[in-house]
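So you can see what is in the structure, the chains are spelled out below.
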Amino acid sequence: MSSSTFQGLLASIRATSVLLLTAASSPTAAQIVSLPGYNVDINQTSVSGLSAGGYMAVQFDVAFSSTLRGAGIIAGGPFYCAQGSVLTATSTCSCAPFGCFGHSSTNVAQLIAITDRDAGRGRIDATGNLARHKIWLFSGSNDTVVPQRVMDDLSTYYRHYIDAANISYKNDIAAEHAMPTDFFGNPCATRADPFISNCNYDAAGQLLQWIYGNLHPKNTGQLGGAFINFNQSEFIDQATSHGMAPDGWLYVPATCGNKEGCKLHVVFHGCKQYETYRYSSPSGQTSFGTTYVRNTGYNKWADANNMIVLYPQATASGSNPNGCWDWWGYDDPDYAVKTGRQMTAVKRMIDRIASGHEGLPAPADLQATAVADTTVSLSWSAVPHATGFNVYRDGAKATSSPVPVTSFIDAGRSPGRTYSYAVKAIDSTGAEGAASSPLNVTTTGTPTMPAPTNVKIDAVRATSVTLSWTAPADAAGFDVFRAGTSGGPFAKVNPSLVTGTSFTDTGLTGSTTYFYVIKSEDAGGGLSGPSMEVSAKTEAPPTCFTATNFDHVVSGRAHDNFFIAEANGSNQVLGLDNVFIVTTLKQTGPNSYVIASCP
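Residues numbered from 1 in each chain as written. Predicted model: local features only at pLDDT ≥ 70, side-chain atom pairs only at ≥ 80, totals over all residues. Heavy atoms only, no water.

Here we come to the pattern of salt bridges. When their charged atoms lie close together, side chains carrying opposite charge are able to pair. Here the structure, examined in full by the defined rule, presents 14 salt bridges. We note a salt bridge from Asp-125 to Lys-338, for which the minimum N-O separation is 2.9 Å. Linking Asp-125 in the loop between helix 4 (108-120) and strand 4 (134-138) with Lys-338 in the loop between strand 14 (307-311) and helix 10 (341-353), this pair joins segments that are 213 residues apart in sequence. Between Lys-424 and Glu-432 there is a salt bridge, and its shortest N-O distance comes to 3.7 Å. For Lys-424, a relative accessible area of 23% puts it in the partly exposed group. Connected via shared salt-bridge partners are Arg-117, Asp-118, Arg-123 and Asp-334. (Salt bridge = Lys/Arg side-chain N within 4 Å of Asp/Glu carboxyl O. Helix = DSSP H or I, 4+ residues; strand = E, 2+ residues; numbered from the N terminus. Buried < 20%, exposed > 50% of the residue type's maximum accessible area, 1.4 Å probe, protein only.)

This next bit is on the state of the cysteines. The term disulfide refers to a covalent linkage connecting the sulfur atoms of a pair of cysteines. Per the counting criterion, the structure on display carries four disulfides. For Cys-271, the disulfide goes to Cys-324, at an S-S distance of 1.9 Å. Measuring handedness by torsion sign, the sulfur bridge of Cys-271 and Cys-324 sits at about 120° and is right-handed. Of this pair, Cys-271 sits in the loop between strand 11 (262-268) and strand 12 (278-281) while Cys-324 sits in the loop between strand 14 and helix 10, and the two are 53 residues apart along the sequence. Judged by its relative accessible area of 1%, Cys-271 falls in the buried class. (Disulfide = S-S within 2.5 Å.)

Here the focus is the sheet that holds strand 30 (residues 544-548). One open sheet holds the three strands; their spatial order is 30-34-35, and the pairing between them is antiparallel. Each having just a single partner strand, strand 30 and strand 35 (592-595) make up the two edges of the open sheet. Geometrically, the sheet is characterised by an average inter-axis angle of 40° between neighbouring strands, direction not taken into account. Two strands pair when backbone bridges link them, and strand 30 and strand 34 (residues 582-589) are joined in this way by five bridges, in the antiparallel orientation. If you follow Ala-547 over to strand 34, its bridge partner there is Thr-583. (Pairing = 2+ DSSP bridges. Axes fitted to C-alpha atoms, helices over the stretch in contact; angles between N-to-C directions.)

In this section: the side chain of Ser-531. Here Ser-531 shows up in the loop between strand 28 (513-521) and strand 29 (534-537). Given the relative accessible area of 8%, Ser-531 is considered buried. Sequence-distant contacts of Ser-531, that is, excluding residues within four places in its chain, are made with Ala-451, Pro-452, Val-455, Val-517 and Ile-518. (Contact = heavy atoms within 4.5 Å.)

Time to look at empty space enclosed by the protein. Remark: the empty space left among the atoms is shown by a probe the size of a water molecule rolled over them. Throughout the structure, instances matching the rule amount to two cavities of 30 Å³ or more. Reported here for the second largest cavity is a volume of approximately 40 Å³. What lines the second largest cavity is Tyr-55, Val-58, Gln-59, Pro-78, Phe-79, Tyr-80, Cys-81, Ala-82, Trp-327 and Tyr-335. Of the residues assigned to the lining of the second largest cavity, the class counts are nine nonpolar, one polar and no charged. (1 Å grid on protein atoms, 1.4 Å probe; cavity = no way out; pocket = protein on both sides within 12 Å on 5 of 7 lines; lining within 4 Å. Points joined across faces, edges and corners; volume = space filled by probe spheres on them. Nonpolar A, V, L, I, M, F, W, Y, C, P; charged D, E, K, R; others polar.)

Two numbers describe how helix 4 lies on helix 5 (residues 148-161): the axes approach to 10 Å, and their chain directions differ by 45°. Regarding the angle of helix 4 to helix 5, the classification is oblique. Of the two elements, helix 4 crosses helix 5, and the hand of that crossing is right-handed. Contacts from Val-108, Leu-111, Ile-112, Thr-115 and Asp-116 of helix 4 reach helix 5 at Asp-153, Thr-156, Tyr-157, His-160 and Tyr-161. Residue classes in the contact of helix 4 with helix 5 are distributed as five nonpolar, three polar and two charged. (Parallel < 35°, antiparallel > 145°, perpendicular 65-115°, else oblique. Left-handed = near helix turned anticlockwise from the far one by under 90°.)

This part covers the environment of Ser-428. For Ser-428, the position within the fold is in the loop between strand 20 (418-426) and strand 21 (432-435). Between the alpha carbons of Ser-428 and Gly-388 there is a distance of 8.6 Å; along the sequence they are 40 residues apart.

Shown next as structure tokens:
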């Protein structure tokens with residue numbers, strides 16, 4: 001291909017399209033305001049996107065993995081797929097506008113290497129953060145813009161960093177390139193503006209439930225929240241020169257507007273889905289406006305689940321005629337890392353929204369309402385907007401799941417023991433508030449000392465056995481008991497109290513099985529019950545040989561070193577090998593002997 005032909009191709013690509021698409025409706029007149037802050041826990045933030053927005057969501061998820069908890073990708077591909085090339089973007093990572101050049105691979109191994117390199121240089125967050133992310137993927141089996149082979153590569157890419165159990169991949173719906181919904185859009189097999197399709201499938205709901213777990217059913221009626229049209233120019237200088245619209249959108253449920261704790265989900269639209277885009281429809285020329293903001297299904301779920309939805313807006317520019325997000329470098333060579341202009345702008349929006357985070361206050365009036373030998377009953381005051389409470393005992397969580405009421409019975413305690421309790425409220429996002437003041441409670445009854453746990457055999461010799469264990473709290477020491485048969489009778493073998501957590505029992509007979517239990521002793525000399533029983537068989541005792549030096553050499557227990565007999569395996573000299581001096585050798589290995597006295 002000649003240089004002029006290649007340049008012409010690039011010009012045609014830029015003028016026609018560079019991937020990723022969706023929606024239609026008239027722009028909604030609204031007052032543009034400064035983006036407010038809300039009571040949002042930034043660690044409850046996630047992202048999703050379609051096509052170009054899907055690529056943007058991937059690079060944002062990877063670059064800011066320490067902040068996010070997951071991502072939903074519809075018709076996207078691996079991180080840094082285009083590698084700064086519009087030709088790669090439109091021929092390998094997507095097939096728009098002229099179709100893919102064969103079935104070239106996105107080269108996942110190379111993209112993983114680039115990811116690891118960028119993480120090592122601090123250009124993106126450490127990839128280890130991705131292990132806790134929940135990833136949801138959707139690829140229509142009829143998608144002709146981002147074919148399933150590209151989404152398959154994205155799945156492979158994520159599985160390098162994330163366990164397969166945390167990745168959901170939906171790829172069995174005959175959908176074209178569009179955002180699937182269950183209420184709005186073109187027929188599912190259609191590839192056309194506004195690139196939202198009614199596939200009788202709620203993609204927004206599915207991805208949000210995968211990322212956040214159990215959610216309340218979506219609001220199928222009139223929304224109770226508000227759409228906020230905010231100024232994006234606060235977050236990036238000369239926004240339109242860098243492919244971002246001067247304004248963006250936010251959906252805020254009423255509860256979040258009332259300062260309740262909320263989650264945050266960021267949605268990246270596709271190409272040809274920016275507000276001022278116009279396209280032909282049966283009703284004539286149509287302005288895209290807020291079609292994606294209002295008709296993709298996110299708000300229905302957000303309204304019922306204390307979730308703010310941020311819709312940042314890209315727009316058309318000279319090198320980006322279709323209003324795509326920068327996922328191939330049309331504006332910025334650092335487009336995919338944390339310092340990228342668009343990436344930084346969206347992160348600043350997230351930080352602004354989360355700037356109002358307050359967290360729940362500490363529960364007050366924590367008290368013990370009843371105390372027995374093995375139970376402690378607690379109560380505390382309610383906390384506004386709390387959905388439950390976690391109870392902590394001695395610094396560890398005592399509740400397997402949040403308690404929905406303001407009381408708790410802690411069972412299974414030991415008599416006469418003092419326990420320290422604290423309570424934290426939980427908001428609708430699952431975030432904990434401040435801890436209550438600690439409360440110390442002592443159970444009734446005579447204290448009993450627990451037995452040691454994790455008793456095990458550490459070493460076995462011919463005449464000794466070494467044991468170790470885990471000590472219970474408040475133990476003053478331990479006694480070790482040995483028996484010749486399982487179940488006893490046992491006899492104490494330590495001459496004095498063992499104050500550590502290991503003991504070596506000596507003077508044993510070789511090739512003999514011994515059984516052990518250990519008891520804890522408290523400061524008053526009281527003993528616990530026995531630990532679990534463990535056993536060990538001692539090694540065979542050493543074999544001794546008494547013979548003349550000459551006989552030792554002849555039998556192979558020693559060797560002749562210039563007429564001097566030396567014990568095999570050592571340099572111990574027995575004397576002249578042809579002198580009939582009687583020496584005792586003890587076998588210490590398969591062919592090793594030392595001079596020793598034997599029983």
